[in-house]
Amino acid sequence: MKNCEVISADFFNVSPLTVARQLLGCLLVRVLEGERLVGRIVETEAYGDLGDPACHVIARDRRIWGLLSGPPGRLYLHRSYRFALLNIVCEPPGVPGCVLVRAVEPISGLATMARLRRGAKALTNGPARLVEAFAIAEDWDSSPLPRPEFWLEADEPPSADRILNTVRIGLKRGRELPWRFAVRDNPWVSKRIRENALVEVEL
DNA sequence: AAGCGGATCGTCT
DNA sequence: GACGATCCGCTTG
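### Focus on the pattern of salt bridges
Alright, step 1. Going through the model one piece at a time under the given rule, you end up with 10 salt bridges.
Alright, step 2. Glu132 is the salt-bridge partner of Arg117, the closest N and O atoms lying 2.6 Å from each other. You can see Arg117 sitting in the loop between helix 4 (110-116) and helix 5 (127-133) and its partner Glu132 sitting in helix 5, a full 15 residues away along the chain.
Alright, step 3. When the shortest N-O distance is used, the salt bridge between Arg118 and Glu132 registers 2.6 Å. Here Glu132 lies in helix 5 and Arg118 lies in the loop between helix 4 and helix 5, a separation of 14 residues in the sequence.
Alright, step 4. Within this structure, Glu43, Glu45, Arg102 and Arg180 form a network of salt bridges that share partners.

Okay, here's the thing in C-alpha coordinates:
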(Lines give C-alpha, C1' and ligand atoms only; values in the text may rest on other atoms or scores of the structure.)
Protein backbone atom coordinates (compact mmCIF):
# COMPACT_ATOMS: atom_id res chain seq x y z
CA MET A 1 0.00 0.00 0.00
CA LYS A 2 1.26 3.47 -0.94
CA ASN A 3 1.70 6.25 1.59
CA CYS A 4 -1.19 8.75 1.77
CA GLU A 5 -3.53 6.27 0.07
CA VAL A 6 -6.95 6.19 1.71
CA ILE A 7 -7.57 2.77 3.23
CA SER A 8 -10.68 1.04 1.87
CA ALA A 9 -12.73 -2.01 2.80
CA ASP A 10 -10.51 -4.65 1.18
CA PHE A 11 -7.67 -3.77 3.57
CA PHE A 12 -9.87 -5.18 6.34
CA ASN A 13 -10.96 -8.32 4.45
CA VAL A 14 -8.45 -10.46 6.38
CA SER A 15 -7.73 -11.68 9.93
CA PRO A 16 -7.89 -9.02 12.67
CA LEU A 17 -4.39 -10.14 13.73
CA THR A 18 -3.03 -9.12 10.34
CA VAL A 19 -5.00 -5.87 10.31
CA ALA A 20 -3.94 -4.99 13.86
CA ARG A 21 -0.28 -5.25 12.93
CA GLN A 22 -0.57 -3.54 9.54
CA LEU A 23 -2.52 -0.63 11.02
CA LEU A 24 0.52 0.44 13.07
CA GLY A 25 1.98 3.58 11.50
CA CYS A 26 -1.18 4.40 9.54
CA LEU A 27 -2.89 7.77 9.96
CA LEU A 28 -6.27 8.66 11.44
CA VAL A 29 -7.68 11.73 9.69
CA ARG A 30 -10.65 13.77 10.94
CA VAL A 31 -11.98 16.94 9.31
CA LEU A 32 -13.71 19.07 11.93
CA GLU A 33 -15.03 22.51 10.97
CA GLY A 34 -12.46 22.78 8.20
CA GLU A 35 -9.52 21.73 10.36
CA ARG A 36 -7.63 18.46 9.89
CA LEU A 37 -6.96 16.44 13.01
CA VAL A 38 -4.30 13.80 12.30
CA GLY A 39 -2.90 11.01 14.45
CA ARG A 40 -0.58 8.07 13.86
CA ILE A 41 -1.78 4.68 15.10
CA VAL A 42 0.71 3.28 17.65
CA GLU A 43 -1.35 0.64 19.50
CA THR A 44 -4.05 -1.84 18.44
CA GLU A 45 -5.78 -5.02 19.60
CA ALA A 46 -7.43 -7.84 17.63
CA TYR A 47 -10.86 -9.07 18.70
CA GLY A 48 -13.57 -11.54 17.86
CA ASP A 49 -11.52 -13.97 15.87
CA LEU A 50 -12.50 -17.64 16.12
CA GLY A 51 -11.91 -19.03 19.61
CA ASP A 52 -11.69 -15.63 21.28
CA PRO A 53 -13.15 -15.84 24.81
CA ALA A 54 -13.74 -12.08 24.83
CA CYS A 55 -15.82 -12.61 21.71
CA HIS A 56 -18.35 -14.73 23.59
CA VAL A 57 -19.31 -11.66 25.57
CA ILE A 58 -19.91 -9.78 22.35
CA ALA A 59 -21.82 -12.65 20.78
CA ARG A 60 -24.67 -12.31 23.28
CA ASP A 61 -25.84 -9.24 21.40
CA ARG A 62 -27.42 -10.19 18.08
CA ARG A 63 -26.97 -6.76 16.53
CA ILE A 64 -23.26 -6.61 17.33
CA TRP A 65 -22.75 -10.16 16.15
CA GLY A 66 -24.37 -9.23 12.85
CA LEU A 67 -22.17 -6.17 12.51
CA LEU A 68 -18.95 -8.08 13.27
CA SER A 69 -19.93 -10.85 10.87
CA GLY A 70 -20.91 -8.38 8.16
CA PRO A 71 -18.80 -6.73 5.46
CA PRO A 72 -15.31 -5.49 6.47
CA GLY A 73 -14.30 -1.85 6.80
CA ARG A 74 -17.28 -0.72 8.87
CA LEU A 75 -16.98 1.12 12.15
CA TYR A 76 -17.92 -0.64 15.37
CA LEU A 77 -18.14 1.68 18.37
CA HIS A 78 -17.94 -0.65 21.33
CA ARG A 79 -19.45 0.67 24.55
CA SER A 80 -17.57 0.08 27.78
CA TYR A 81 -18.66 1.94 30.90
CA ARG A 82 -19.85 5.26 29.52
CA PHE A 83 -17.25 5.32 26.74
CA ALA A 84 -17.25 4.47 23.05
CA LEU A 85 -14.17 2.65 21.71
CA LEU A 86 -13.14 2.74 18.05
CA ASN A 87 -13.15 -0.61 16.23
CA ILE A 88 -13.11 -1.54 12.56
CA VAL A 89 -14.78 -4.71 11.30
CA CYS A 90 -12.43 -7.28 9.72
CA GLU A 91 -12.69 -10.60 7.84
CA PRO A 92 -14.89 -11.41 4.82
CA PRO A 93 -18.68 -11.44 5.37
CA GLY A 94 -19.76 -14.40 7.51
CA VAL A 95 -16.61 -14.43 9.63
CA PRO A 96 -16.66 -12.22 12.77
CA GLY A 97 -13.72 -10.05 13.78
CA CYS A 98 -12.60 -6.50 14.45
CA VAL A 99 -9.63 -4.39 15.47
CA LEU A 100 -9.62 -1.94 18.37
CA VAL A 101 -7.53 1.24 18.03
CA ARG A 102 -6.05 1.75 21.50
CA ALA A 103 -3.73 4.72 21.00
CA VAL A 104 -2.54 7.24 18.41
CA GLU A 105 0.32 9.76 18.37
CA PRO A 106 -1.11 13.25 17.70
CA ILE A 107 0.38 14.78 14.52
CA SER A 108 -1.68 17.91 13.90
CA GLY A 109 -4.63 19.70 15.48
CA LEU A 110 -3.33 19.24 19.01
CA ALA A 111 -4.95 22.43 20.33
CA THR A 112 -8.38 21.30 19.15
CA MET A 113 -7.80 17.82 20.57
CA ALA A 114 -6.94 19.39 23.93
CA ARG A 115 -10.16 21.40 23.81
CA LEU A 116 -12.20 18.30 22.97
CA ARG A 117 -10.49 16.55 25.89
CA ARG A 118 -11.54 19.45 28.10
CA GLY A 119 -8.01 20.24 29.21
CA ALA A 120 -7.01 16.74 30.30
CA LYS A 121 -3.28 16.13 29.93
CA ALA A 122 -3.58 12.69 28.35
CA LEU A 123 -4.71 13.42 24.79
CA THR A 124 -4.85 10.22 22.74
CA ASN A 125 -3.05 7.47 24.68
CA GLY A 126 -6.14 5.39 25.41
CA PRO A 127 -9.08 4.01 23.40
CA ALA A 128 -11.75 6.25 24.96
CA ARG A 129 -9.47 9.28 24.99
CA LEU A 130 -8.73 9.20 21.28
CA VAL A 131 -12.43 8.86 20.46
CA GLU A 132 -13.00 12.08 22.40
CA ALA A 133 -9.96 13.87 20.95
CA PHE A 134 -11.11 13.13 17.38
CA ALA A 135 -14.77 13.92 18.09
CA ILE A 136 -15.82 10.51 16.80
CA ALA A 137 -19.62 10.40 17.01
CA GLU A 138 -21.41 7.36 18.35
CA ASP A 139 -23.97 7.45 15.57
CA TRP A 140 -21.20 6.62 13.09
CA ASP A 141 -21.49 3.08 14.43
CA SER A 142 -21.81 0.45 11.64
CA SER A 143 -21.13 2.99 8.86
CA PRO A 144 -18.48 2.08 6.24
CA LEU A 145 -15.05 3.69 5.88
CA PRO A 146 -14.00 6.02 4.45
CA ARG A 147 -16.44 8.67 5.69
CA PRO A 148 -16.35 12.22 4.25
CA GLU A 149 -15.11 13.62 7.58
CA PHE A 150 -13.18 10.60 8.86
CA TRP A 151 -10.86 8.10 7.22
CA LEU A 152 -7.59 6.15 7.52
CA GLU A 153 -4.50 6.63 5.37
CA ALA A 154 -1.56 4.33 4.73
CA ASP A 155 1.81 5.67 5.86
CA GLU A 156 5.32 4.55 6.69
CA PRO A 157 5.03 1.34 8.75
CA PRO A 158 7.37 0.81 11.72
CA SER A 159 10.20 -1.65 11.07
CA ALA A 160 9.51 -5.20 12.26
CA ASP A 161 11.91 -4.93 15.19
CA ARG A 162 9.97 -1.94 16.53
CA ILE A 163 6.66 -3.82 16.70
CA LEU A 164 5.74 -5.03 20.17
CA ASN A 165 3.38 -8.01 20.46
CA THR A 166 1.83 -8.73 23.88
CA VAL A 167 -1.35 -9.86 25.59
CA ARG A 168 -4.43 -7.64 25.52
CA ILE A 169 -5.05 -5.46 28.55
CA GLY A 170 -8.02 -4.25 30.55
CA LEU A 171 -10.24 -7.30 30.10
CA LYS A 172 -11.18 -10.29 32.22
CA ARG A 173 -11.65 -12.99 29.60
CA GLY A 174 -9.20 -13.92 26.89
CA ARG A 175 -6.42 -11.91 28.53
CA GLU A 176 -3.87 -14.63 27.81
CA LEU A 177 -4.05 -14.16 24.04
CA PRO A 178 -1.14 -12.17 22.56
CA TRP A 179 -3.35 -10.06 20.33
CA ARG A 180 -2.10 -6.61 21.26
CA PHE A 181 0.29 -4.71 18.99
CA ALA A 182 2.21 -1.52 19.74
CA VAL A 183 5.13 0.54 18.49
CA ARG A 184 8.04 -0.08 20.85
CA ASP A 185 9.16 2.89 22.96
CA ASN A 186 6.53 5.21 21.52
CA PRO A 187 5.53 7.63 24.32
CA TRP A 188 1.88 7.68 23.19
CA VAL A 189 1.29 3.98 23.76
CA SER A 190 -1.11 3.55 26.69
CA LYS A 191 0.72 3.04 29.94
CA ARG A 192 0.15 -0.52 31.07
CA ILE A 193 2.87 -2.33 29.13
CA ARG A 194 3.54 -5.87 30.25
CA GLU A 195 6.88 -6.59 28.63
CA ASN A 196 7.18 -9.87 30.47
CA ALA A 197 4.11 -11.13 28.62
CA LEU A 198 5.84 -10.64 25.28
CA VAL A 199 5.07 -13.48 22.88
CA GLU A 200 6.18 -14.24 19.36
CA VAL A 201 3.34 -14.88 16.93
CA GLU A 202 3.43 -16.28 13.41
CA LEU A 203 1.36 -14.11 11.11
C1' DA B 1 5.81 5.55 39.49
C1' DA B 2 2.28 2.55 40.76
C1' DG B 3 -1.93 1.10 42.90
C1' DC B 4 -6.55 1.98 44.56
C1' DG B 5 -11.62 3.14 44.28
C1' DG B 6 -15.51 5.75 42.49
C1' DA B 7 -18.04 7.48 38.53
C1' DT B 8 -21.62 6.11 35.41
C1' DC B 9 -24.74 3.80 31.83
C1' DG B 10 -26.54 0.48 28.39
C1' DT B 11 -27.25 -4.28 28.24
C1' DC B 12 -28.19 -8.62 30.19
C1' DT B 13 -29.91 -11.71 34.29
C1' DG C 1 -29.04 -5.85 40.47
C1' DA C 2 -24.46 -6.78 38.26
C1' DC C 3 -21.06 -6.19 35.00
C1' DG C 4 -17.53 -4.06 31.66
C1' DA C 5 -12.31 -3.77 25.60
C1' DT C 6 -12.09 3.02 30.90
C1' DC C 7 -10.71 7.28 33.00
C1' DC C 8 -9.43 10.30 36.66
C1' DG C 9 -7.90 11.79 41.07
C1' DC C 10 -5.92 10.61 45.28
C1' DT C 11 -3.04 7.94 47.96
C1' DT C 12 1.56 5.97 49.00
C1' DG C 13 6.83 5.16 48.46
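### A closer look at the pairing of strand 1 (residues 27-32)
Alright, step 1. Here strand 1 lies mainly inside the structure; 5 of its 6 residues are buried.
Alright, step 2. Here strand 1 pairs with strand 2 (residues 35-47) via 6 bridges, running antiparallel. Paired with Leu27 across the two strands is Arg40, which belongs to strand 2.
Alright, step 3. Hairpin connection of strand 1 to strand 2: 2 residues between the antiparallel strands, including Glu33 at a positive phi of 50°.

### Here's the deal with the side chain of Glu149
Alright, step 1. Residue position: Glu149 is located in the loop between helix 5 and strand 6 (150-153).
Alright, step 2. Side chain to side chain, Glu149 and Arg147 meet in a polar contact 3.1 Å long.
Alright, step 3. Look past the residues within four positions of Glu149 in its chain and what remains in contact with it is Val29, Arg30, Val31 and Trp140.

### Describing the environment of Gly119
Alright, step 1. Its place among the elements puts Gly119 in the loop between helix 4 and helix 5.
Alright, step 2. Classification of Gly119 as exposed rests on a relative accessible area of 60%.

Rules used in this analysis
Residues numbered from 1 in each chain as written. Chains lettered and ligands numbered in written order. Predicted model: local features only at pLDDT ≥ 70, side-chain atom pairs only at ≥ 80, totals over all residues. Heavy atoms only, no water. Salt bridge = Lys/Arg side-chain N within 4 Å of Asp/Glu carboxyl O. Helix = DSSP H or I, 4+ residues; strand = E, 2+ residues; numbered from the N terminus. Buried < 20%, exposed > 50% of the residue type's maximum accessible area, 1.4 Å probe, protein only. Pairing = 2+ DSSP bridges. Polar contact = N/O pair within 3.5 Å; in protein donor to acceptor, adjacent residues only side chain to side chain. Contact = heavy atoms within 4.5 Å.

In short, shape yes, function no, at least from these values alone.
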